[in-house]
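Chain residues, written in single-letter form:
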Amino acid sequence: MINERLPKIWHGGDYNPEQWDASIWDEDTRMFKLAGINVATLNVFSWARNQPDEHTYDFDWLDETIDRLYQQGIYTCLATSTAAHPAWMAKRYPDILRVDVHGRKRKFGSRHNSCPNSPTYRKYAEQIAEKLAERYSEHPAVLIWHISNEYGGYCYCDQCEKAFRVWLKEKYGTVEKLNKVWNTSFWGHTFYDWDEIVLPSFLSEEREGNESDFQGISLDFRRFQSDSLLDCYKLEYQAIRKYDSQNPITTNLMGTFPMLDYFKWAKEIDVVSWDNYPAIDTPISYTAMTHDLMRGLKSGQPFMLMEQTPSQQNWQPYNSLKRPGIMRLWSYQALGRGADTIMYFQLRRSIGACEKYHGAVIEHVGHEHTRVFREVAEVGKELTLLSEPLLDSRVPAKVAIVFDWENRWAVELSSGPSISLDYVTEVHKYYKAFYEANIQVDMIGVEEDLSKYNVVVAPVLYMVKDGYEEKIEAFVKNGGTFLTTFFSGIVDEHDLVTLGGYPGKLRELLGIWVEEIDALHPSVTNEMIMKESWGKQRYTCHLLFDLLHTEGAKVVAEYGSDFYKGMPVVTRNSFGNGEAWYVASSPDDSFLGDLIGHLCEKNDVRPFLKVPKDVETSVREKDGKTYVFVLNHRDDSVEIDLQDERYLDLLREEFCSGKILLERKGVLILEK
Amino acid sequence: MINERLPKIWHGGDYNPEQWDASIWDEDTRMFKLAGINVATLNVFSWARNQPDEHTYDFDWLDETIDRLYQQGIYTCLATSTAAHPAWMAKRYPDILRVDVHGRKRKFGSRHNSCPNSPTYRKYAEQIAEKLAERYSEHPAVLIWHISNEYGGYCYCDQCEKAFRVWLKEKYGTVEKLNKVWNTSFWGHTFYDWDEIVLPSFLSEEREGNESDFQGISLDFRRFQSDSLLDCYKLEYQAIRKYDSQNPITTNLMGTFPMLDYFKWAKEIDVVSWDNYPAIDTPISYTAMTHDLMRGLKSGQPFMLMEQTPSQQNWQPYNSLKRPGIMRLWSYQALGRGADTIMYFQLRRSIGACEKYHGAVIEHVGHEHTRVFREVAEVGKELTLLSEPLLDSRVPAKVAIVFDWENRWAVELSSGPSISLDYVTEVHKYYKAFYEANIQVDMIGVEEDLSKYNVVVAPVLYMVKDGYEEKIEAFVKNGGTFLTTFFSGIVDEHDLVTLGGYPGKLRELLGIWVEEIDALHPSVTNEMIMKESWGKQRYTCHLLFDLLHTEGAKVVAEYGSDFYKGMPVVTRNSFGNGEAWYVASSPDDSFLGDLIGHLCEKNDVRPFLKVPKDVETSVREKDGKTYVFVLNHRDDSVEIDLQDERYLDLLREEFCSGKILLERKGVLILEK
Amino acid sequence: MINERLPKIWHGGDYNPEQWDASIWDEDTRMFKLAGINVATLNVFSWARNQPDEHTYDFDWLDETIDRLYQQGIYTCLATSTAAHPAWMAKRYPDILRVDVHGRKRKFGSRHNSCPNSPTYRKYAEQIAEKLAERYSEHPAVLIWHISNEYGGYCYCDQCEKAFRVWLKEKYGTVEKLNKVWNTSFWGHTFYDWDEIVLPSFLSEEREGNESDFQGISLDFRRFQSDSLLDCYKLEYQAIRKYDSQNPITTNLMGTFPMLDYFKWAKEIDVVSWDNYPAIDTPISYTAMTHDLMRGLKSGQPFMLMEQTPSQQNWQPYNSLKRPGIMRLWSYQALGRGADTIMYFQLRRSIGACEKYHGAVIEHVGHEHTRVFREVAEVGKELTLLSEPLLDSRVPAKVAIVFDWENRWAVELSSGPSISLDYVTEVHKYYKAFYEANIQVDMIGVEEDLSKYNVVVAPVLYMVKDGYEEKIEAFVKNGGTFLTTFFSGIVDEHDLVTLGGYPGKLRELLGIWVEEIDALHPSVTNEMIMKESWGKQRYTCHLLFDLLHTEGAKVVAEYGSDFYKGMPVVTRNSFGNGEAWYVASSPDDSFLGDLIGHLCEKNDVRPFLKVPKDVETSVREKDGKTYVFVLNHRDDSVEIDLQDERYLDLLREEFCSGKILLERKGVLILEK
């Protein structure tokens, strides 16, 4: 339970009442209640309001707001307001301002604008977090702390440069070790002293498009910046904990956001929360994957959907409305995959500045007679039926997909073999195959225990960290099925190549040797000719093409053309009681569908329900009961066959079995 | 009359004789006379030549040039030369150099390179204008002053930042008011002191593509920079007026140039002049619209065509030649829409630097036996027939289209709903429908009196300035027909949303409420199903799609698809004696053609002549006489039917009536 | 002979053993010998290793490496290591760091990172070159000096600005002269003192895409930067010559690299060497042209292929493998066109940093059992058969194509008439026509003697340098055939237009006057209607279209459409005993094929062998013998008909004649 004082699925969102006259506030509260809102996120960007100068703090407006809402039964998710510093602070202490990758000192403006290694920022951010904790830790309205907001961005200033050197010294001890792991003898970059090291920016080693001359430097810089922001988070966390030992603390993450190592962050976060903003062309399976990833950050613990738009965004190129039913459908997708809250940005639309055309529960018209409000209120009403059964339930999975930010950085930084190789895209290809088969998947980090899974998939496991190959080997020896792909096992955690033949430390497990890697324009395909009979006879593949030799592995498929026609493109290797698969190119979706079907069947992994195409199912479990979410993403109604099983339909509050008609964009939540 | 000392249509252009030896000058004069040139624009970029150091001025060459030309009957349009400062000034006074939007201090180079708030620039620019006025105000050759050249560009230096604060203080008085209108409580940007304010640049609030985090700040910055350059202009204006109270003063504008609020500028300009450089794919209706806009800047007063190329440009991607007859045809388009001059850039082609491949009356070959020269000379000869009847005549119109730079800035700065929404494109769509029907249109600013029009169209009137809704209401009450579109009535002049439902202050007038705005990729269309019978049964629309409810208005057309199928897409509302129309999406051209036809018919607005497609007509009037321009833009000859009316054909100097054959690219100018 | 101590075709490459433990070194040497490697390029990026601080030099590792290799029969190509300065130097002497075109001071990082006018860089670069020469000039292993590496890049720092002023003063003497040649009176840029001059950067006169406001300034800046880097090269050259008067000195060039005037550089280089990195879509004729250009830099003297990849690159978007046989085929293309070495980057793949996915003779797997290694070893073996006959042989040609970097800069900088006009593309169009006819061509600079040629082609000879027209006239008078194209004869070496009619100084020779130049989008074509009967009746052309009048020339073809239909598009003019051709637009390939066929036939220029399409031939000659290279670029085998001639097949070591089957990607080297 996130906080037992509100033992419900939270329904709420960001609220910034400072923009309007007090005259509007009572209307807001009235409508929040109409919409079933029970939590408001306050104070996200109010630092300048709260602290008009170095010595003065003024929380009267916040006292008033929290109390006013609480009197109407609305709780507070309390932000610390440190995601944008006050203008006076920037003027007085320019060290607080970031320097960008071009080496340009920023001026006051925008948000996410503070240097994470600025002493001024750290001091005042810690101080205001402490002040807030001191004042509100005992307030009955406050349920959870929301530190800063959507952490991100890198800084390239001199104080970051100095901090980077300290970080490196702690990590490597000697300059000799540093030279070794960064391979500085290439291009004569040997360092003789720590203070010769400069940040990798567009003025030194990097260029547009994740290009770097020294991957090792750039990789460590990403680790360092992720850590620097995490240090800022931790300072505030500890400041709050001085006064509040009870309420959970979070910061809102952003799904597959590239800049921070969220698995490392999650260790410092009590409840994972995240902001879900799919674009009109985001595959629904991608959103599902992201929910599963956010759930995986803390090994399956329920998470918060901290933000979604009730209708449209403002920052996409074409900000289409969420069609009728979509907001509800996607809210239940979050719930079905482990969320225990449904929250919106924003409760009321801003009157000015860049988010005034971002959707809100209360639109500019200011009343409740809008389509958007009605849909929010409908969800609010339904959630009251779901809290008791669903809260704190878990999402079971026998399949895991490995996701690792450091590996991702290394793949993105790689110079060659192909600019079209995108780590997240390749991961999603595999995820999608499971998703379309309605097989539940855990998205896991490299520290996760593998023994609970039947199947583990690690696409593009380019970087094999120290000892990880042993973990996988143990998993397979014990009967597990492991699958990886091209561009795996190539480097260690410093991005240094494992000499002796690809795929390096995975070579024995996989029973292959990859001699060469061909890269062709993504429009060029090869054929995969099947040597086994569990699918079609041939498929296509593209992107990268390993030229490999088996060393014990069996050939599942071979190339159909080019000069490596007849060489293996898919192999599987018996290893202990299990099997290790290798896919040497990026296959078409139909291959992946058949492959995943085959692996699941062999490993006795099955979907809970058989449903028509484009109908998503997911399962949560609690106290011996199973809750099945059935989401119809189609534009027509479909028949769901529950067969002879008897379920309780939680939304309709009636029992059901046999064939049920589910309307377009409709949702079933079944208890069994 | 621009200047009674030369009571003719001026035929001339820019002349920069300093590039060549004196040996060439007599040839120039001889050829100018052959071409019927009567005005030369001198001294545009001669500041460095005129002022070799801080204390020395040397105008001998200019004396000589003005005199030499005048002896041959060629008058002078005298520029003040302040559009590019001397190198020595940049070296000695770096404050004169601009800082760009990236925060980079510029070095000496290019042109339009002076910071408008530089004390040095202002001092020396004013001084040289005064010196010139003192020397030449009585010179009989000098007809008009040409201050600087094509003002434009913004500066982001520290002195501009300080000046911005002063400008804001004058405008808003208190920081509290400023915080209110900029809605700084959003993202915690509250200011406590004026000197906390920084310019909105790529280092603070803005990004590539008119993106800004605070529209209010960015909007005021554009106003401020437009004003800053205007202040520079005014300083020179006043300096000239110390010595010259007679001759008119202008600066050459650039049509729909985005950076300056030309309606505000026009108040300080005696005669509007502008530079017309259509690209090969510029719609001819767009050029027509721009002429009408330039005429509209001073409420219909005749304007100068200060620059056009006789043949080709150098700065377009593909600098095609103007085909035979095109230069003449487009010159008469200018004349037909209110110009009283036809002038060229340049009289002689430069020998070096970036404009040496820009067309000129005298080409590099240096003699008159070229196609281009012959065409110029032909126009020169014809103009002598037209001066008496046309000079100072006016262009009558019963239709107006509203154009407003501040509204345009706000639309461009808007974050959402669609990056494909372009203000000028939408205005031009409506203009084009009138143009193709040969209905004369005035392009007017928001200060223009509306009572003289039957129909007023204000596409995307996003920003409704204080009281403007009342002006429109009064116009409609009195029987006028008003039309506006989606994304209108949304904000006030600070870009703050008018709460209470779109289209805000226009809601009552239009009799509608816009609940939501959908934005889809421009390639996605909806259908407009007509409920009235004055056109086709269905049309298409795209871009934005308002979901609106009528509140008294009649539905003219409704959507044919998507979830808002059946909701109104075009409405009209009776209001007083008039009618207010609303078009909720961006329609195809055929709808606009039919709509405009319908509105004109209802309002008794008709073209002067019926002519075939792609033949343009326009009308000027003077002393009870009407002058009809008929321009054949087609590649074949067409028959023009004058019916029983008898006209004097001014170019052929004969009377005509009935059917006339007009050759390809041919021109008729008829007096009646 | 490059160096008589190794009188063989060198087979080698870059070797950087510092990245690995000593344990690997013996394996390296063993495999080098297996592959027939006889030269290793050492020390390319080892400055930081060699000089750990200002006063210390440490060459022990280099001594050891050179000796170790030499003991196994592998010689050294010794680099001076100055292409990347040490980090300590950048920290201590920031003047060594470049400033980029945006005005941004670089930080330590990357390579090619030293300001060429930095006193620090010059001092230490000279010093280390001298130290190396002192130590190794007598070493029997050292065959050649390799100064720096792939010189390139411009610097825009203050010391470059000062040096530019000195360079200008030396060139022009007075500011008046400078103002004249830069035509500064345009836009009022008149300079009164040298120190008012600033570098043309994105902060002053230039913009993205070779755009400049003052072509004259930008042109001189390119000359100046090319000279500045050349000065650095010369400093090292002279330092080496203090101790070594025997061994040749080179630096590796990069083919058609735009930034340096390689014809000027070649005068200071003893043996031209270059790095050949065709992309997968580089036309094979383009590579051939580049080899011929590199050979032409020193008037036909054999050159070194200093670098090519054995398999793939890392820095292309899609780094495809060289297909089987391709590396060998392309190696022989180099040899056939004048190379006396075949060398690779790199001998062993790097373990880390940005080139670790660049192909190498020894791959990461570390053994010789790879496809790539086998292909290298095959070439190595074959080369032993070829050294004696081929070394120092020459490539005969009766046709020359003029290539000039300064002309190229001027064309690229030109504002107008078309952004699609690319000098190298136009040159290659003509080259390709000769290439496809297997006519040997010399790519020559403007200082080359023309009298040895029958045909000289100078596409887009925009800039005609002082006296060059006389050289061409003399060539034609003596019976030569000269051909040039549109946009020729326009400017002098300062980019000032030659007044009096295009094509300026070539007008009399060509017997034409170009009145106007039309530029249309490249997708727009015109027709060429032939008035002579040596080809088809009509062809197409595009890009630019001169409107020209003959003044004595005969019309070969005329335009088929547009308003200049019927005007000449190809002319030829008898002049003395020869003929001067002019092609007024950019023709299709079939026209150029027929034209070149016609000119060659008229001038008795014939291919050595008749071979099928896509089979390349080239010829080298020595001591009265002729060596014919026959390269089958096709994907199938072809029949080569040697007719009754009897040749020695050097690779198969047997005599042959009559019809021979040449396998796909196969090579014949025939001696006669």
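If you check an unreviewed UniProt entry, chain A appears there as Beta-galactosidase from Radiobacillus deserti. Of the comments in the UniProt record for chain A, the one headed Catalytic activity (unreviewed entry) reads "Hydrolysis of terminal non-reducing beta-D-galactose residues in beta-D-galactosides."

Mind showing me how you'd approach the pattern of salt bridges here?
For side chains bearing opposite charge, pairing can occur when the charged atoms are close. Applying the stated criterion to the full structure yields 170 salt bridges over all chains. When the shortest N-O distance is used, the salt bridge between Arg 606 of chain A and Asp 604 of chain A registers 3.0 Å. Each member of the pair Arg 606 of chain A and Asp 604 of chain A is classed as exposed. Lys 625 of chain C is the partner of Glu 671 of chain C in a salt bridge, and the nearest nitrogen-oxygen pair spans 3.6 Å. Note that Glu 671 of chain C is positioned in strand β29 (residues 667–671) and Lys 625 of chain C in strand β24 (residues 625–632), a separation of 46 residues in sequence. The partly exposed category is assigned to Lys 625 of chain C, whose relative accessible area is 38%.

I'm lost on the interface of chain B and chain A in this one. Help?
A common measure of how large an interface is: the accessible area buried when the components associate. On the side of chain A, 51 residues touch chain B, which itself brings 56 residues to the contact. Both faces considered, chain B and chain A share a buried interface measuring about 4,500 Å² in area, 55% of it formed by carbon and sulfur atoms. Here chain B and chain A share 34 residue pairs in polar contact (both at pLDDT 80 or more) between them. The biggest single contributor to the side of chain B that touches chain A is strand β16 (residues 512–519) of chain B, with 6 residues. Considering only residue class, the side of chain B that touches chain A consists of 26 nonpolar, 17 polar and 13 charged.

Looking at this structure, how should I read the relation of the copies chain A and chain C?
Both copies of the chain are related by a screw-like operation: a rotation about an axis and a shift along it. With an RMSD of 0.0 Å, the fit of chain A onto chain C corresponds to turning through 120 degrees and sliding 0.0 Å along the axis. Such a turn and shift between the copies fits a three-fold axis. Taking C-alpha positions as reference, the residue of chain A nearest the rotation axis is Arg 104 of chain A, located at 5.3 Å.

Is there a simple way to think about the environment of Tyr 286 of chain B in this case?
Relative to the helices and strands, Tyr 286 of chain B resides in helix α10 (residues 284–297). As for Tyr 286 of chain B and Ser 110 of chain B, which are separated by 176 residues in sequence, their C-alpha atoms are 29 Å apart.

How should I be thinking about the sheet that holds strand β9 (residues 273–275) of chain B in this particular structure?
Sheet strands pair via backbone hydrogen bonds, and the direction of the pair is either parallel or antiparallel. Residues and elements named next belong to chain B. The 3 strands lie next to each other as β8-β9-β10, forming an open sheet whose pairing is parallel. At either end of the open sheet lies a strand with only one pairing partner, and these are β8 (252–253) and β10 (304–307). Against the sheet, α10 contacts β8, β9 and β10, and its axis sits at roughly 155 degrees relative to β9.

Mind showing me how you'd approach the interface of chain A and chain C here?
With 56 residues of chain A at the contact, the number on the chain C side is 50 residues. Counting every contact that joins chain A to chain C gives 7 salt bridges. Here Asp 562 of chain A makes a salt bridge to Arg 323 of chain C, at a shortest N to O gap of 2.8 Å. Inspection of the region where chain A meets chain C yields 34 residue pairs in polar contact (both at pLDDT 80 or more). The biggest single contributor to the side of chain A that touches chain C is strand β16 (residues 512–519) of chain A, with 6 residues.

Sorry if this is basic, but what is going on with the UniProt feature "binding site: Zn(2+)" (unreviewed entry) in chain A here?
Residues and elements named next belong to chain A. Using the residue numbers shown here, the UniProt feature "binding site: Zn(2+)" (unreviewed entry) corresponds to Cys 115, Cys 155, Cys 157 and Cys 160. Sequence-wise these annotated residues cover 46 residues; spatially they are packed, their C-alpha atoms never more than 7.8 Å apart. As for its position among the elements, Cys 115 is in the loop between α4 (87–92) and α5 (119–136). Note on Cys 115: relative accessible area 0%, which makes it buried. Other than its neighbours up to four places away in sequence, Cys 115 contacts Asp 95, Ile 96, Leu 97, Arg 98, Tyr 121, Cys 155, Cys 157, Gln 159 and Cys 160. Tracing the chain through its elements places Cys 157 in the loop between β4 (142–146) and α6 (158–172). Its relative accessible area of 6% is what places Cys 157 among the buried residues.

Sorry if this is basic, but what is going on with the packing of helix α14 (residues 423–436) of chain C against helix α17 (residues 589–602) of chain C here?
When two helices pack together, their arrangement is given by the angle between their axes and by how far apart the axes lie. Residue and element names in this part refer to chain C. Relative to each other, α14 and α17 sit at 60 degrees, their axes nearing to 9 Å. With respect to each other, α14 and α17 are oriented oblique. α14 and α17 meet at a crossing whose hand is right-handed. Residues Lys 429, Tyr 430, Lys 432, Ala 433 and Phe 434 of α14 touch α17, and the partners they reach there are Asp 589, Leu 592, Gly 593, Leu 595, Ile 596 and Cys 600. Looking at the contact of α14 with α17, its residues break down into 7 nonpolar, 1 polar and 3 charged.

What is the right way to look at the side chain of Gln 51 of chain C in this model?
Residues and elements named next belong to chain C. Here Gln 51 is to be found in the loop between α2 (47–50) and α3 (60–71). Here the side chain of Gln 51 touches Tyr 57 through a polar contact of 3.1 Å, side chain to side chain. Apart from the residues lying within four places of it in its own chain, the contact partners of Gln 51 are Thr 56, Tyr 57, Pro 86, Trp 88, Met 89, Tyr 124 and Ile 128.

For this particular structure, what's the right way to read the domain arrangement of chain A?
Residues and elements named next belong to chain A. Split by domain assignment, chain A resolves into domain 1 (10–152 + 231–389), domain 2 (158–219), domain 3 (399–602) and domain 4 (615–671). Measuring from the centre of the C-alpha atoms in domain 1 to the corresponding centre in domain 2 gives 36 Å. With 9 residues of domain 1 in contact, the opposing surface of domain 2 contributes 6 residues. Summed over both partners, the interface of domain 1 with domain 2 buries about 620 Å², with 64% contributed by carbon and sulfur atoms. Of all residues in domain 1, Val 101, His 102 and Asn 117 bury the most surface against domain 2, accounting for 70% of the area lost on that side. Across the domain 1-domain 2 interface, the total number found is 0 salt bridges. Run the count over domain 1 and domain 2 and you get 2 residue pairs in polar contact (both at pLDDT 80 or more). Considered class by class, the residues forming the side of domain 1 that touches domain 2 number 4 nonpolar, 4 polar and 1 charged.

Would you explain α14 of chain C in this entry?
Along an α-helix, residues three or four apart share an orientation, since each turn contains 3.6 residues. All names here are of chain C. Relative to the 20 Å expected for 14 residues at 1.5 Å per residue, α14 spans 20 Å between its end C-alpha atoms, a close match to the ideal helical length. Of all the 14 residues making up α14, 11 are buried; the element is thus mostly covered by neighbouring parts of the structure. Considered for burial, the residues of α14 that qualify are Tyr 423, Val 424, Glu 426, Val 427, His 428, Lys 429, Tyr 430, Tyr 431, Ala 433, Phe 434 and Tyr 435. Once α14 finishes, Asn 438 follows within two positions and takes phi at roughly 55 degrees, a positive value.

I tried to follow the packing of helix α5 (residues 119–136) of chain B against helix α8 (residues 215–241) of chain B on my own but got confused; where do I start?
All names here are of chain B. Where α5 meets α8, the axes come as close as 7 Å, and the angle between the chain directions of the two elements is 30 degrees. Classed by the angle they form, the pair α5 and α8 counts as roughly parallel. As α5 runs across α8, the sense of the crossing is right-handed. Contact residues: α5 offers Tyr 121, Arg 122, Ala 125, Glu 126, Ala 129, Glu 130 and Ala 133, while α8 offers Ser 228, Asp 231, Cys 232, Leu 235, Glu 236, Ala 239 and Ile 240. By residue class, the composition of the contact of α5 with α8 is 8 nonpolar, 1 polar and 5 charged.

How should I be thinking about the UniProt feature "active site" (unreviewed entry) in chain A in this particular structure?
Residues and elements named next belong to chain A. According to UniProt, the "active site" (unreviewed entry) feature falls on Glu 150 and Glu 307. Spanning 158 residues, the named residues form one tight spatial group whose C-alpha atoms are at most 10.7 Å apart. Ignoring any residue separated from it by four or fewer positions in sequence, one finds Glu 150 in contact with Arg 111, His 112, Asn 252, Met 254, Asp 275, Tyr 277 and Glu 307. With respect to the helices, strands and loops of the structure, Glu 307 is situated in strand β10 (residues 303–307). Non-local contacts of Glu 307, meaning those with residues more than four positions away in its chain, are made with Asp 14, Asn 149, Glu 150, Asn 252, Trp 274, Asp 275, Asn 276, Tyr 277, Met 343, Tyr 344 and Phe 345. For Glu 307, the side chain forms a polar contact with the side chain of Asn 252, separated by 3.4 Å.

What am I meant to see in the pairing of β29 of chain C here?
On a regular strand, one side chain projects to one face of the sheet and the next to the other, so that they alternate. Residue and element names in this part refer to chain C. The buried fraction of β29 is high, at 5 of 5 residues. The side-chain alternation of β29 yields two buried faces, one formed by Val 667, Ile 669 and Glu 671 and the other by Leu 668 and Leu 670. Pairing analysis gives 5 bridges linking β24 to β29, with the strands arranged antiparallel. Across the sheet, the residue bridging to Phe 629 is Ile 669, located in β29. As paired elements, strand β26 (residues 647–649) and β29 share 2 bridges and run antiparallel to each other. For Leu 648, the partnering residue across the bridge sits in β29 and is Glu 671.

Reading the values: rules and limits
- Residues numbered from 1 in each chain as written.
- Chains lettered and ligands numbered in written order.
- Predicted model: local features only at pLDDT ≥ 70, side-chain atom pairs only at ≥ 80, totals over all residues.
- Heavy atoms only, no water.
- UniProt positions renumbered as here; feature names shortened; annotations may be inferred.
- Salt bridge = Lys/Arg side-chain N within 4 Å of Asp/Glu carboxyl O.
- Buried < 20%, exposed > 50% of the residue type's maximum accessible area, 1.4 Å probe, protein only.
- Helix = DSSP H or I, 4+ residues; strand = E, 2+ residues; numbered from the N terminus.
- Contact = heavy atoms within 4.5 Å.
- Buried area = accessible area lost by both parts, 1.4 Å probe.
- Polar contact = N/O pair within 3.5 Å; in protein donor to acceptor, adjacent residues only side chain to side chain.
- Nonpolar A, V, L, I, M, F, W, Y, C, P; charged D, E, K, R; others polar.
- Least-squares fit on C-alpha atoms with pLDDT ≥ 70 in both.
- Pairing = 2+ DSSP bridges.
- Axes fitted to C-alpha atoms, helices over the stretch in contact; angles between N-to-C directions.
- Parallel < 35°, antiparallel > 145°, perpendicular 65-115°, else oblique.
- Left-handed = near helix turned anticlockwise from the far one by under 90°.
- Domains from an automatic or database assignment.
- Expected span 1.5 Å × (residues − 1).

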